[in-house]
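# Analysis of the macromolecular model
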Amino acid sequence: MTRAKTDWRQNSACGSSDGDALFADSPRQKRAKVICMGCPVRTECLAEALDERIEFGVWGGMTERERRVLLKRQPNVASWLYVLDAARAGAVPRAG
């Protein structure tokens, strides 16, 4: 894992919470997503889950099912961090 990928984890809201809660069944996933809503590195977390095609758990406020739907709609995105940062800034990024 590169240094850039590890740096965001040090600032994550879930770092001090029960890690099992983020890999919960459907009813508990809603509680896990609440942790993500106030996280300062939510974008970086979600981008890593999308770029790495992580199949389990809540990452960046999205469940595995929600991420699968997004990946299916946008299969050619090369860097989700670029796309998410651009969306946060109000720009329209180009996929690919």
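Residues numbered from 1 in each chain as written. Predicted model: local features only at pLDDT ≥ 70, side-chain atom pairs only at ≥ 80, totals over all residues. Heavy atoms only, no water.

### Considering the state of the cysteines
Scanning the entire structure with this criterion turns up zero disulfides. Left unpaired, Cys36 is separated from the closest cysteine sulfur, that of Cys45, by 6.1 Å. Taking relative accessible area as the criterion, Cys36 reaches 9% and is therefore assigned buried. (Disulfide = S-S within 2.5 Å. Buried < 20%, exposed > 50% of the residue type's maximum accessible area, 1.4 Å probe, protein only.)

### Some remarks on unusual backbone geometry
Even without a glycine there, the phi angle at Arg53 is positive, about 55°. Among the structural elements, Arg53 can be located in the loop between α3 (42-51) and α4 (64-73). (Helix = DSSP H or I, 4+ residues; strand = E, 2+ residues; numbered from the N terminus.)

### Regarding the nonpolar core
Counting nine residues, the largest nonpolar core consists of Leu46, Ala47, Leu50, Met62, Leu71, Val77, Trp80, Val83 and Leu84. What Leu71 contacts, discounting residues up to four positions off in sequence, is Leu50, Arg53 and Trp80. Counting residues in hydrophobic clusters, the runner-up holds six residues, among them Cys39, Cys45, Ala49 and Trp59. (Core = buried A, V, L, I, M, F, W, Y, C linked by side-chain atoms within 4.5 Å. Contact = heavy atoms within 4.5 Å.)

### Topic: the packing of α3 against α4
Between α3 and α4, the shortest axis-to-axis distance is 10 Å and the interhelical angle comes to 65°. With respect to α4, the axis of α3 lies roughly perpendicular. The chirality of how α3 crosses α4 is right-handed. Residues Leu46, Ala49 and Leu50 of α3 touch α4, and the partners they reach there are Arg67, Leu70 and Leu71. When grouped by side-chain class, the residues that make up the contact of α3 with α4 number five nonpolar, no polar and one charged. (Axes fitted to C-alpha atoms, helices over the stretch in contact; angles between N-to-C directions. Parallel < 35°, antiparallel > 145°, perpendicular 65-115°, else oblique. Left-handed = near helix turned anticlockwise from the far one by under 90°. Nonpolar A, V, L, I, M, F, W, Y, C, P; charged D, E, K, R; others polar.)

### Some thoughts on the side chain of Thr63
Relative to the elements of secondary structure, Thr63 occurs in the loop between α3 and α4. Residue class for Thr63 comes out buried when judged on its relative accessible area of 9%. Once residues lying within four places of it in the same chain are set aside, the contact partners of Thr63 are Gln29, Lys33, Gly57 and Val58.

By themselves these figures say nothing about function.
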